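Observations on the model geometry
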Amino acid sequence: MTETLQGVGVSHGVAIGQVRHMGTAVLEPEAKQIPTEDAAREQARAQRAVDAVAADLQARGNLAGGEAQAVLEAQALMALDPELMADVERRIAVGSSAERAVYDAFAAYRALLAAAGDYLAGRVADLDDVRNRIVARLMGVPMPGVPDSDEPYVLIARDLAPADTALLDPTLVLGFVTEEGGPTSHSAILARALGVPAVVAMPGATDLPEGVVVAVDGSSGAVIVDPSTETQQRLRREAEERKAALAASTGPGRTSDGHRVPLLANVGGPVDVPAAVEAGAEGVGLFRTEFLFFEKHSLDDSKKAPSEDAQVDAYRAVLEAFPEGRVVVRVLDAGADKPLDFLTPADEPNPALGVRGLRTLLEHPEVLRTQLRALARAAEGLPVHLEVMAPMVADRQDAKAFADACREAGLQAKFGAMVEIPSAALRARSILQEVEFLSLGTNDLAQYTFAADRQVGTVARLQDPWQPALLDLVALSAEAARTEGKSCGVCGEAASDPVLACVLIGLGVTSLSMGAASIPYVRAKLAKVTLAQCERAAAAARAADSAAEARAAANQVLSGE
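This text gives an overview of the structure that appears in the document. Note that the coordinates shown come from a computational prediction; the quantities given were computed from them, not determined experimentally.

Turning next to the pairing of strand S16 (residues 511-514). Of the two faces of S16, the one carrying Ser511 and Ser513 and the one carrying Leu512 and Met514 are both buried. Two strands pair when backbone bridges link them, and strand S9 (residues 263-267) and S16 are joined in this way by three bridges, in the parallel orientation. The partner of alanine 265 across the bridge, within S16, is methionine 514. The parallel pair strand S15 (residues 487-490) and S16, bridged by helix H20 (residues 498-506), forms a crossover whose chirality is right-handed.

Here it is as structure tokens:
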């Protein structure tokens, strides 16, 4: 019987196929006592398993590259955490088997994370995945993860660990649906990068029977269970029509009446550049430089930053790909869910509200100086339009400290500030006295506006970028930039929603940056509407009282109804 379930669409496209469920988590190991004389052997077994899992995660990251690499290397560091390993060894010394000691040690650490506030609680799924991989290796059972299949399928899971999402084969995995997660979770971001249709935060996803046919609409978030032949044909026809429209839409971004909207790409490093160029990106709106720091600090050396020369090589590879284009580089954004041993405090009670982003760099000025010098060297002799911005700017004092550091490093570039905290949006004109542009990171801005962790599925509705309060903050920032004669872009995942992209332009945003796979969708949508329509849609969305009402109101205006 046909049934339509509703989740949160996070990656465009339609997928129709049979359900295959993610491999189940490892069973709880038996709690049995081992002889004292076996303790050393069990400790050695545990260490070998930990090392093997960390190496596997590292290898997966190297294969995946980009954003996935940083996420997987962070997981490898979890596996190698010395305090966790010390706890495992203590448990083995008093009689636990290696697998039971790993299971119990991770359970204790899991409880600490879950109680440490939303941001760290969001890392629990990643920690569980590391535990399951170590225990599976020790027990000699198949690793939990993506199922083996000779036929394409729709993957169903409670949640997807980054290690699984990063290496999904798009020729086999037509799309995926998860019960947990949110629109800005690691899995959602990686799905967009892969171009795989995806729906997250869908209640009852794991109850879908194995083998049943489903149709997944990654734009609307609808999942149709056992669709009729007619419905399948209609969905495929609509998908082909959209594909044809995308192919016909080329060139710079602009509305139907000629208003220019630069469409830029979010990248994590050189590995992401080919997809951005192929999608017709007009430059880079967010170059996440932390990938290089996590690449360096994965398994063998997490006590210092990568050298200036290593940074120069990586930055230049991206800058060279966009001659005459605009490349906006975000300096190192470490802390909270992206900790680095040599920078991030280990004892903060709430890291999301502590020393992270620019705050970290101002406490470690030598790291910021080295990065800025590397960027200056990388841009030498290139015709690229380099812009450099700081994450987590709270006020004018932060903005001035960053701009001063850029000038002291001799950086020939525009200096900017990311708006990720409500205070920055509210005082945007003040911040713009020190910097030349703003860039709205809507993922974190939503998180801090609504006190809703981006990794927690139960608060996904508050992470919806259509929330009118979030649109109000975007409007404040854009208006401040217009008044000061400066630019205000959006580099958060909100820009990847074609309809919301129109609303953002209507709010006064001057450029949009997104995952490369989303650029053709946004370009095609903008080409169908006028700037006046975008402005009316923005006003209608802001007048609504909920995200759903805002989306519906904007759609009504843009469709001409």
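Let's shift gears to the sheet that holds strand S3 (residues 14-21). Strand order in the open sheet formed by eight strands is S1-S8-S7-S3-S4-S5-S6-S2, and the pairing between neighbours is mixed. The open sheet has two free edges, formed respectively by strand S1 (3-6) and strand S2 (8-11), since each of these has just one partner strand. Neighbour to neighbour, the strand axes of the sheet diverge by 30 degrees on average, direction disregarded. Here S3 runs beside strand S7 (residues 213-217); their pairing, made up of five bridges, is antiparallel. Looking at the pairing, alanine 15 lines up with valine 216 of S7.

For glutamate 99, the location among the structural elements is in helix H4 (residues 98-114). By relative accessible area, which is 16% here, glutamate 99 ends up buried. Engagement of the side chain of glutamate 99 in a polar contact is seen with the side chain of arginine 45, the distance being 3.1 Å. If sequence neighbours within four positions are ignored, glutamate 99 has contacts with Pro29, Glu42, Arg45, Val135, Leu138 and Met139.

Turning next to the packing of aromatic side chains. Counted under the stated rule, the structure contains two aromatic pairs. Ring plane angle 85 degrees and centroid distance 5.9 Å describe the contact between phenylalanine 287 and tyrosine 315, whose orientation is recorded as edge-to-face. Note that phenylalanine 287 is positioned in strand S10 (residues 283-288) and tyrosine 315 in helix H12 (residues 308-319), a separation of 28 residues in sequence. A single burial state applies to phenylalanine 287 and to tyrosine 315, both of which are buried. Within the aromatic cluster, the residues linked to one another by ring pairs are Phe287, Phe291 and Tyr315. The ring of phenylalanine 437 carries the charged tip of arginine 326 above its face, separated from the ring centre by 6.0 Å.

Located in the positive-phi region is aspartate 226, a residue other than glycine, with phi close to 55 degrees. Counting through the fold element by element, aspartate 226 comes out in the loop between strand S8 (222-225) and helix H9 (229-248). Residue classification places aspartate 226 among the partly exposed residues on the basis of a relative accessible area of 35%.

About the criteria used
Residues numbered from 1 in each chain as written. Predicted model: local features only at pLDDT ≥ 70, side-chain atom pairs only at ≥ 80, totals over all residues. Heavy atoms only, no water. Buried < 20%, exposed > 50% of the residue type's maximum accessible area, 1.4 Å probe, protein only. Helix = DSSP H or I, 4+ residues; strand = E, 2+ residues; numbered from the N terminus. Pairing = 2+ DSSP bridges. Right-handed = clockwise from strand over helix to strand, strands pointing away. Axes fitted to C-alpha atoms, helices over the stretch in contact; angles between N-to-C directions. Polar contact = N/O pair within 3.5 Å; in protein donor to acceptor, adjacent residues only side chain to side chain. Contact = heavy atoms within 4.5 Å. Phe/Tyr/Trp six-rings, centres within 6.5 Å; stacked < 30°, edge-to-face > 60°. Lys NZ or Arg CZ within 6 Å of the ring centre and 35° of its normal.

Geometric values such as these leave the question of function open.
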